[in-house]
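# Notes for the structure review
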Amino acid sequence: MMERISGAEAMMRSLEHEGVEVLFGYPGGAIIPTYDALYDHKETLNHILVRHEQGAIHAAQGYARVSGKVGCAIVTSGPGAMNTISGIADAMVDSTPMVVICGQVGAAMLGTDAFQEVDVIGVTQPISKWAFQIRRSEDIAWAVSRAFYIARSGRPGPVVLDFTKNAQTGLVDFEPQKVNFIRSYKPAPVPEDSVIEKAARLINNSVKPFVLVGQGVELGNAQEELREFLEKAQLPAARTLLGLSALPSDHPLNMGMLGMHGNLGPNMMTNQCDLLIAIGMRFDDRVTGNLNTYAKQAKIIHFDIDPSEINKNVRVNLAVVGDCKQTLPAVTRLLDKTTHQAWIDGFKPYAEKEDNKVIHPAIYPTEGPLLMGEVVRKVSEATEHKAILVTDVGQNQMFACRYFKYSQNRSIVTSGGCGTMGFGLPAAMGATFGAPDRTVCMFCGDGGLQMTIQELGTIMEQQAPVKIILLNNDYLGNVRQWQYMFYNKRYSFTPMVNPDFELIARGYRIPCRTVVERADLEGAIQEMLSTEGPFLLQCAVKAEDDVLPMIPPGSNIDEMLLEVK
């Protein structure tokens with residue numbers, strides 16, 4: 001016989017049935033019944049009280065990205081729900097699996113402009129995989145199971161459940177459900193054998209093949225399948241920003257990072273290859289530059305699970321639509337064992353040029369103020385390149401992603417498509433819950449840190465072991481760089497007058513240290529890494545340090561600048 005319980009209790013049991021272990025949230029009036037039910041589930045559902053709803057959503061993203069599980073956030077109605085919007089949009093474009101539960105006024109009051117009523121469904125439908133309003137207690141089990149199925153299946157993404165108060169308080173005969181099929185929804189299409197065979201033929205006949213590795217490889221847990229694919233035919237590869245840890249940094253076939261601030265060789269060789277093989281990436285404008293000149297000489301194969309990405313930005317010769325954990329091995333079996341050594345050697349002159357003009361000066365300076373690149377590389381080396389990198393957005397993000405090294409999968413958490421400042425601190429906090437056995441290093445600038453600085457309170461309460469590296473240049477650095485390069489050095493509202501960050505950290509009882517001199521850097525990093533729990537390391541870096549190389553906006557990808565004049 002089914003047990004008759006409240007809708008709020010049904011929500012808790014449904015979350016447990018889906019395997020949820022951690023919730024990030026903030027209570028409020030319209031979600032109080034659910035929080036009351038949560039009181040009796042504290043042993044199974046670890047609720048992390050954030051200090052702002054934006055912190056909840058970004059923490060859920062960080063948790064999901066490193067764990068491979070669905071992140072979960074719970075907030076109240078109106079302003080509580082609206083404070084999650086940036087994170088929902090961020091998760092949508094970066095394909096992060098999340099379920100966001102928002103309180104809502106009772107169904108009888110919908111449309112009356114009741115206190116803290118906002119049309120959450122209308123707002124979130126364009127920026128989520130699915131948004132559904134639960135108006136009846138009877139729909140809870142079905143809606144929760146469907147939400148998690150949609151969030152984690154196919155191309156992952158965020159799902160929003162708008163939970164009316166009457167549905168929370170009403171009684172229901174509860175029985176958990178398990179949704180694993182939705183009519184007309186095909187999360188992982190299966191390509192025809194002829195498509196697989198044609199892909200293999202194109203690769204086998206190629207003289208200068210080049211593979212672009214995106215986050216889809218990580219999302220599909222296809223890292224080993226990727227390595228087997230690359231190694232059998234000796235295919236050189238480069239990674240997108242979100243795909244950086246899909247292939248170890250020291251893999252001999254890893255040619256570097258793609259994009260506006262990527263490595264010189266991969267960008268130059270994109271316009272020289274005869275076959276471009278894109279895997280789990282979406283041809284973002286930061287990767288392609290000017291589409292009119294992008295890889296026009298090459299045939300293009302696009303492996304992707306989402307049919308809507310095919311031919312969206314770049315016209316391709318062959319689409320292999322499906323889960324790359326299945327499609328890559330299918331193609332690999334048909335590949336010839338070969339080598340492309342002459343083609344691979346063609347990357348080396350570009351790598352040497354970039355190393356001499358950009359990389360070596362950025363990470364091995366001998367005089368002057370601290371540089372962002374050297375701080376990043378020192379931290380990476382001190383963790384033996386095994387840490388999870390979390391970044392905020394801006395110059396700190398680009399320097400960190402360029403100079404951090406990756407030896408393990410799911411080792412990068414950054415806001416790619418939306419570029420959401422304030423992402424880093426709460427995302428890093430969430431990552432410590434998603435991968436509690438790993439070191440989490442979060443790089444941020446003085447601007448981004450202050451956007452969600454209140455989450456230091458959550459970190460303090462939870463003793464979340466986030467290693468915060470603040471690259472402080474007293475500027476909104478990325479905008480300043482563009483103003484320097486393209487707006488005649490007119491620094492319009494980019495200089496920052498900053499607080500005493502060390503004093504703030506001490507106010508939150510978080511150990512901290514400030515480094516100004518190069519001689520003190522290594523010792524400070526060791527102190528940070530050896531301190532249990534959180535730590536703030538503030539590095540006073542060069543005020544006008546520029547991220548290079550750089551493809552100027554609107555330019556061709558082979559028009560990279562190695563210096564700023």
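Everything quoted here is computed from the prediction, not taken from an experiment. (Residues numbered from 1 in each chain as written. Predicted model: local features only at pLDDT ≥ 70, side-chain atom pairs only at ≥ 80, totals over all residues. Heavy atoms only, no water.)

A count of helices and strands for the protein gives 24 helices and 20 strands. Rg of the C-alpha trace for the protein: 24 Å, near the compact-globule value of 24 Å for 565 residues, within the 12% margin. Along the longest, intermediate and shortest principal axes, the C-alpha atoms of the protein span 70 × 65 × 40 Å. The buried share among the 565 residues of the protein stands at 60%. (Helix = DSSP H or I, 4+ residues; strand = E, 2+ residues; numbered from the N terminus. Rg over C-alpha atoms; globule rule 2.2 N^0.38 Å. Buried < 20%, exposed > 50% of the residue type's maximum accessible area, 1.4 Å probe, protein only.)

Glancing now at unusual backbone geometry. Geometrically, the link from Leu548 to Pro549 is a cis peptide bond, its omega value of 0° lying close to zero. Residues other than glycine seldom take positive phi values, yet Ser184 does so here, at roughly 80°. With respect to the helices and strands, Ser184 occurs in the loop between strand S8 (171-174) and helix H9 (193-204). Overall, the relative accessible area of 77% leaves Ser184 in the exposed class.

Turning next to the packing of helix H17 (residues 372-382) against helix H18 (residues 395-403). Packing of H17 against H18 brings their axes to within 9 Å, and their N-to-C directions diverge by 45°. When the interaxial angle is binned, H17 and H18 end up oblique. As H17 runs across H18, the sense of the crossing is right-handed. Seen from H17, the contacting residues are Met372, Gly373, Val376, Arg377 and Ser380; seen from H18, they are Gln395, Asn396, Phe399, Ala400 and Tyr403. Split by residue class, the contact of H17 with H18 holds five nonpolar, four polar and one charged. (Axes fitted to C-alpha atoms, helices over the stretch in contact; angles between N-to-C directions. Parallel < 35°, antiparallel > 145°, perpendicular 65-115°, else oblique. Left-handed = near helix turned anticlockwise from the far one by under 90°. Contact = heavy atoms within 4.5 Å. Nonpolar A, V, L, I, M, F, W, Y, C, P; charged D, E, K, R; others polar.)

Attention now goes to empty space enclosed by the protein. According to the stated counting rule, one finds two cavities of 30 Å³ or more in the structure shown. Within this model, the largest cavity holds a volume of roughly 70 Å³. Around the largest cavity, the lining residues are Arg65, Gln215, Glu218, Leu219, Leu242, Ser245, Arg410, Ser411 and Ile412. Viewed by domain, the lining of the largest cavity spans two of them, domain 2 (193-348) and domain 3 (369-540), each represented by three or more residues. Approximately 30 Å³ is the volume attributed to the second largest cavity. Along the walls of the second largest cavity sit Ser14, His17, Glu18, Ala141, Val144, Ser145, Pro176 and Gln177, which together make up its complete lining. (1 Å grid on protein atoms, 1.4 Å probe; cavity = no way out; pocket = protein on both sides within 12 Å on 5 of 7 lines; lining within 4 Å. Points joined across faces, edges and corners; volume = space filled by probe spheres on them. Domains from an automatic or database assignment.)

As a further point, take the packing of aromatic side chains. Tallied over the full model, the rule gives 15 aromatic pairs. Judged by centre distance (5.9 Å) and plane angle (90°), the rings of Trp130 and Trp142 are edge-to-face. On the criterion of sequence distance, the pair formed by Trp130 in strand S6 (residues 130-134) and Trp142 in helix H7 (residues 140-152) is long-range, its members being 12 residues apart. Among the residues examined, Trp130 registers a relative accessible area of 14% and is labelled buried. Classification of Trp142 as partly exposed rests on a relative accessible area of 30%. Ring centres of Trp482 and Phe486 lie 5.7 Å apart, and the angle between their planes is 80°; this geometry places the pair in the edge-to-face category. Remark: Phe486 and Trp482 occur in helix H22 (residues 477-486); sequence separation between them is four residues, near one turn of the helix. The exposure class assigned to Trp482 is partly exposed, which follows from its relative accessible area of 22%. Joined through ring pairs, the aromatic side chains of Phe24, Tyr63 and Phe433 make up one cluster. Lying across the ring of Tyr39, Lys42 places its NZ or CZ 3.9 Å from the centre. Between the NZ or CZ atom of Arg480 and the centre of the ring of Tyr475, over which it lies, the distance is 5.8 Å. (Phe/Tyr/Trp six-rings, centres within 6.5 Å; stacked < 30°, edge-to-face > 60°. Lys NZ or Arg CZ within 6 Å of the ring centre and 35° of its normal.)

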